There are 2 protein chains.
Amino acid sequence: MTTKILLATHGKFADGIYDSLKLIVGDVENVDRICMYVDEDIDYSSKITEYLSNHDYDKFRLLVITDLFGGSINNEFMSYMDKYDFYLVAGLNLCLLLEFTLQNGELTKNKIQEVIERAYKGIVLCNDLVASEDESF
Amino acid sequence: MTTKILLATHGKFADGIYDSLKLIVGDVENVDRICMYVDEDIDYSSKITEYLSNHDYDKFRLLVITDLFGGSINNEFMSYMDKYDFYLVAGLNLCLLLEFTLQNGELTKNKIQEVIERAYKGIVLCNDLVASEDESF
């Protein structure tokens, strides 16, 4: 079963990182976005319930990636985890998004943990790398 | 010495996450952005050199956060690390950006490493958390 990815963020972060993704890998079909709280006239909570209730769980795995662990958006998705069958990952960055977008085959908890471990390695203070290169000479 | 932050990303990711930051903490004055490759008529490499050569290093610490370790933008900033005095962190996400924006006092390598360690903890498969809560009952 292939995976659909939903990016849900405060403001335009989801649209922005999607633009970044498209620049690197070209058009992608399996990534949706909800940019929350951009327009105060929109009821974003109902957008979330609408998305989760309309998703075709028999056809696609669903992976939701939010911007902030402990934030209101992530908490809102957590409250639906007993009702709908989806994976929820907090901490969206480009390394995670690229890995999940280019992922082949069935998405499993183990695969997600492997992607998360690689994402840790992609958050780096680069000054330390240059310093250790210098020390090696 | 206070810190200026420059976000440098493929496409509109930098503008998008800045929008997210403003929604959470309000207006911030110390965060600049370069959204690379958005317009193919712009020479973005010269935008980087211009930014790095114009920054007032006596007045502000400079922290550059890029979107992708090993990516072309991060590599370009790495090539300037022997010429200009700035910190370079790869792997931009909202947890990192919030922590660095709200950081008080002199930014040091140790403080950056602490922020990075906390960012690791913010990249989470939330299904596992719900599962362990269930198991505790």
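On a predicted model such as this, the values are computed, not experimentally measured, just so you know. (Residues numbered from 1 in each chain as written. Chains lettered and ligands numbered in written order. Predicted model: local features only at pLDDT ≥ 70, side-chain atom pairs only at ≥ 80, totals over all residues. Heavy atoms only, no water.)

Structural notes on the side chain of Arg61(A)
Residue and element names in this part refer to chain A. Relative to the elements of secondary structure, Arg 61 occurs in strand β3 (residues 61-66). The exposure class assigned to Arg 61 is buried, which follows from its relative accessible area of 18%. For Arg 61, the contacting residues outside a window of four places in its chain are Met 1, Thr 2, Thr 3, Lys 4, His 55, Asp 85, Tyr 87, Glu 106 and Leu 107. (Helix = DSSP H or I, 4+ residues; strand = E, 2+ residues; numbered from the N terminus. Buried < 20%, exposed > 50% of the residue type's maximum accessible area, 1.4 Å probe, protein only. Contact = heavy atoms within 4.5 Å.)

Some thoughts on the confidence of the model for chain A
Low pLDDT marks regions whose predicted coordinates should not be analysed in detail. Across chain A, pLDDT averages 94, with 95% of residues at or above 70. Note on the complex model: pTM 0.94, ipTM 0.93. (pLDDT = per-residue confidence, 0-100.)

A few points about the pattern of salt bridges
Residues and elements named next belong to chain A. Per the stated rule, a full pass over the model turns up 10 salt bridges over all chains. In this structure, Asp 15 engages Arg 33 in a salt bridge whose closest nitrogen and oxygen atoms are separated by 3.2 Å. Placement of Asp 15 in helix α1 (residues 13-25) and of Arg 33 in strand β2 (residues 31-36) is noted, with a sequence separation of 18 residues between them. Using a relative accessible area of 37% as the deciding quantity, one classes Asp 15 as partly exposed. By sharing partners, the salt bridges in this structure join Arg 61, Asp 85 and Glu 106 into a single network. (Salt bridge = Lys/Arg side-chain N within 4 Å of Asp/Glu carboxyl O.)

Description of the sheet that holds strand β4 (residues 87-90) of chain B
Overall, mixed pairing links the 5 strands, which are arranged β5(A)-β4(B)-β3(B)-β1(B)-β2(B) in an open sheet. Since the sheet does not close on itself, it has two edges, and those belong to β5 (124-125) of chain A together with β2 (31-36) of chain B, each with one partner. Taken strand by strand, helix α1 (residues 13-25) of chain B contacts β1 (3-10) and β2 of chain B, and its axis lies near 150° from that of β2(B). (Pairing = 2+ DSSP bridges. Axes fitted to C-alpha atoms, helices over the stretch in contact; angles between N-to-C directions.)

Focus: the sheet that holds strand β1 (residues 3-10) of chain A
The strand order across the open sheet formed by 5 strands is β2(A)-β1(A)-β3(A)-β4(A)-β5(B), and the pairing between neighbours is mixed. In this open sheet, the two strands that pair with only one neighbour each are β2 of chain A together with β5 (124-125) of chain B. Judged from the 6 bridges that link them, β1(A) and β3(A) form a sheet pairing that is parallel. When the sheet's bridge partners are listed, Leu7(A) is paired in β3(A) with Ile65(A).

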